[in-house]
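# Inside the fold
This is what each chain is made of:
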Amino acid sequence: MGYRNLSPQAMVNISGPWLDPEQDRRAFTSLPLLAPLLPAVEEAHDRIRTTQRLGSSLQQQSKALMEKALALDATHDRKLRGAYNYLGALAEMTDDPAFAAALLDLRDRLMPAGLKAIARSYGDQAGDAKLLRSRLDDASEKLLKKLKTPEGPLAQVVDAWVAAALELEKVEAQREQLALSAPSNTDGATPREVLNARNAWIRVVRAVETNLALEKAATAEITDRLLGRLRRESTRADRRGRKGGAEAAADPAPAGDAVTPGDAGGDDDSPFDDA
């Protein structure tokens, strides 16, 4: 019986009870040929869990950054659009041509691309935010501080979209860095790391099976207790594998000889092993 079709979840469900003092750890360590394998079991068990946790962590980080970017972009667009419409509305309402011209001039200085600015890339939005102050003269600066909105001076609205654009640039850099460092598969680890973790776990389980078969103190009850879940999960996994057209593969270690803890916990660099 091979273990190549076992899922990571099944693997940790099999080895977890061996490590749990409330379940099978006492029976496991009571057997002279199994007790030395416990550190190797712990290491292999943790490696399987780590590859999964890494994937979950990266996905959560990516999701959090995406949500933050969307919120910042929404703030940038809403504030910019509101300021654009506000200045245009004031210019329409005033009967003072000079004041209307000053309002439209301020609008053009703040948003030379008009509402097209909200459709720009995050990088372009940040770049435009950095250039904004350089486009203002003394008169437009004074008018910007003088004009009132329900949220306070118009200058505060502008500051809000500028801050959002600059923060958005930082978030995008974090997302890019995460993408560069992210593993190439959905488990959150490189294919090599996943394969090595699976192979290490399989070798340890083979060692447990082998040494348990040689253990004179192991009763049928203890053997069933320690290996029952392994056999049931393996049978189900093999059945699913056959249904899915999976091909049988050679086991990574022979089951005929006793294996030392060092042998059991070793790593295998071959990408074509049991996993």
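Nothing here was measured: the structure is a model prediction, and the numbers come from that model.

## As for the overall build of the protein
Along the backbone of the protein there are 10 helices and two strands. Along its sequence from the N terminus, the protein presents helices and strands in the succession α-α-α-α-α-α-β-β-α-α-α-α. Buried residues in the protein amount to 41% of all 275 residues. Contacts spanning at least 24 positions in sequence make up 80% of the contacts within the protein whose residues lie at least 6 apart. Carbon and sulfur atoms make up 53% of the accessible area of the protein, which totals about 14900 Å².

## As for the pattern of salt bridges
Using the criterion set out here, one finds 15 salt bridges in the structure. Between D24 and R225 there is a salt bridge; the shortest N-O distance is 2.7 Å. Placement of D24 in the loop between α1 (8-19) and α2 (25-29) and of R225 in helix α9 (residues 220-243) is noted, with a sequence separation of 201 residues between them. Look at R225 and you get partly exposed, because its relative accessible area is 44%. Of the charged contacts, one joins R107 and D108 as a salt bridge, the two residues approaching to 3.9 Å between their closest N and O atoms. Given a relative accessible area of 43%, D108 falls into the partly exposed group. Several salt bridges share partner residues, and in doing so they unite D105, R109 and D137 into one network.

## Let's talk about the environment of R25
Here R25 lies in helix α2. Along the sequence, R25 and L38 sit 13 residues apart, while their C-alpha atoms lie 8.7 Å from each other. Each residue touching R25, except ones within four places of it in the same chain, is listed here: P17, W18, L19, D20, L38 and E42.

## Comments concerning the nonpolar core
With 29 residues, the main nonpolar core has L6, W18, F28, L34, W201 and V208 as its most contacted residues. Elements that contribute at least two residues to this core include exactly α1, α3 (38-93), α8 (191-214) and α9. In terms of residue count, the dominant contributor to this core is α8 (eight residues). Leaving out residues up to four positions away in the same chain, L34 has contacts with F28, V208, N211, L212, E215 and L226. By size, the runner-up hydrophobic cluster in this structure holds 25 residues, among which are L80, A100, L110 and V158.

## Examining the packing of helix α4 (residues 97-110) against helix α6 (residues 138-146)
With their axes 10 Å apart at the nearest point, α4 and α6 run at an angle of 100° to one another. On the basis of the axis angle, α4 is roughly perpendicular to α6. Along the contact surface, α4 presents F99, A102, L103, L106, R109 and L110, while α6 presents S140, L143 and L144. Of the residues in the contact of α4 with α6, the class split is seven nonpolar, one polar and one charged.

## So, the packing of aromatic side chains
The description of an aromatic ring pair rests on the distance of the ring centres and on the angle between the ring planes. Per the counting criterion, the structure on display carries one aromatic pair. Centre to centre, the rings of W18 and F28 are 5.7 Å apart; their planes meet at 35°, and the pair counts as tilted. Taken together, the positions of W18 in helix α1 and F28 in helix α2 put the pair 10 residues apart, joining distant regions of the chain. F28 carries the same exposure label as W18, and that label is buried. A cation sits over an aromatic face here: R107 above Y84, 4.5 Å from the ring centre.

## Focus: the environment of L178
Considering the arrangement of structural elements, one finds L178 in helix α7 (residues 154-181). C-alpha separation for the pair L178 and S62, spaced 116 residues apart in sequence, amounts to 7.4 Å.

## Looking at α4
Given a rise of 1.5 Å per residue, 14 residues ought to cover 20 Å, and the 20 Å separating the end C-alpha atoms of α4 matches this to within 8%. By the burial criterion, the buried members of α4 are A100, L103, L106, R107 and L110. The arc enclosing the buried residues of α4, seen along the axis, measures out at 125°, which places them on a common side. For α4, the exposed residues set more than 90 degrees away from the buried face come down to P97 and A98.

## Describing α6
Buried within α6 are the following residues: S140, L143 and L144. Summarising the axial view, the buried residues of α6 lie within an arc of 105°, below the 170-degree limit, and thus occupy one face. Residues D138, K142, K145 and K146 are exposed on α6 and point more than 90 degrees away from its buried face. For α6, the N-terminal cap is D137; the gap from its side-chain oxygen to the backbone nitrogen of A139 is 3.3 Å.

## Digging into the side chain of E215
Here E215 is to be found in the loop between α8 and α9. In this structure, E215 is buried with no salt-bridge partner, the nearest side chain bearing the opposite charge being K216 at 8.6 Å. Looking at E215, its side chain comes within polar contact range of the main-chain nitrogen of L33, at 2.8 Å. Among residues more than four places away in sequence, those in contact with E215 are L31, P32, L33 and L34.

Reading the values: the criteria
- Residues numbered from 1 in each chain as written.
- Predicted model: local features only at pLDDT ≥ 70, side-chain atom pairs only at ≥ 80, totals over all residues.
- Heavy atoms only, no water.
- Helix = DSSP H or I, 4+ residues; strand = E, 2+ residues; numbered from the N terminus.
- Buried < 20%, exposed > 50% of the residue type's maximum accessible area, 1.4 Å probe, protein only.
- Contact = heavy atoms within 4.5 Å.
- Areas by Shrake-Rupley, 256 points an atom, 1.4 Å probe, with all protein chains shown as cover.
- Salt bridge = Lys/Arg side-chain N within 4 Å of Asp/Glu carboxyl O.
- Core = buried A, V, L, I, M, F, W, Y, C linked by side-chain atoms within 4.5 Å.
- Axes fitted to C-alpha atoms, helices over the stretch in contact; angles between N-to-C directions.
- Parallel < 35°, antiparallel > 145°, perpendicular 65-115°, else oblique.
- Nonpolar A, V, L, I, M, F, W, Y, C, P; charged D, E, K, R; others polar.
- Phe/Tyr/Trp six-rings, centres within 6.5 Å; stacked < 30°, edge-to-face > 60°.
- Lys NZ or Arg CZ within 6 Å of the ring centre and 35° of its normal.
- Expected span 1.5 Å × (residues − 1).
- Arc of directions from axis to C-beta.
- Polar contact = N/O pair within 3.5 Å; in protein donor to acceptor, adjacent residues only side chain to side chain.
- Lys, Arg positive; Asp, Glu negative; His and termini not counted.

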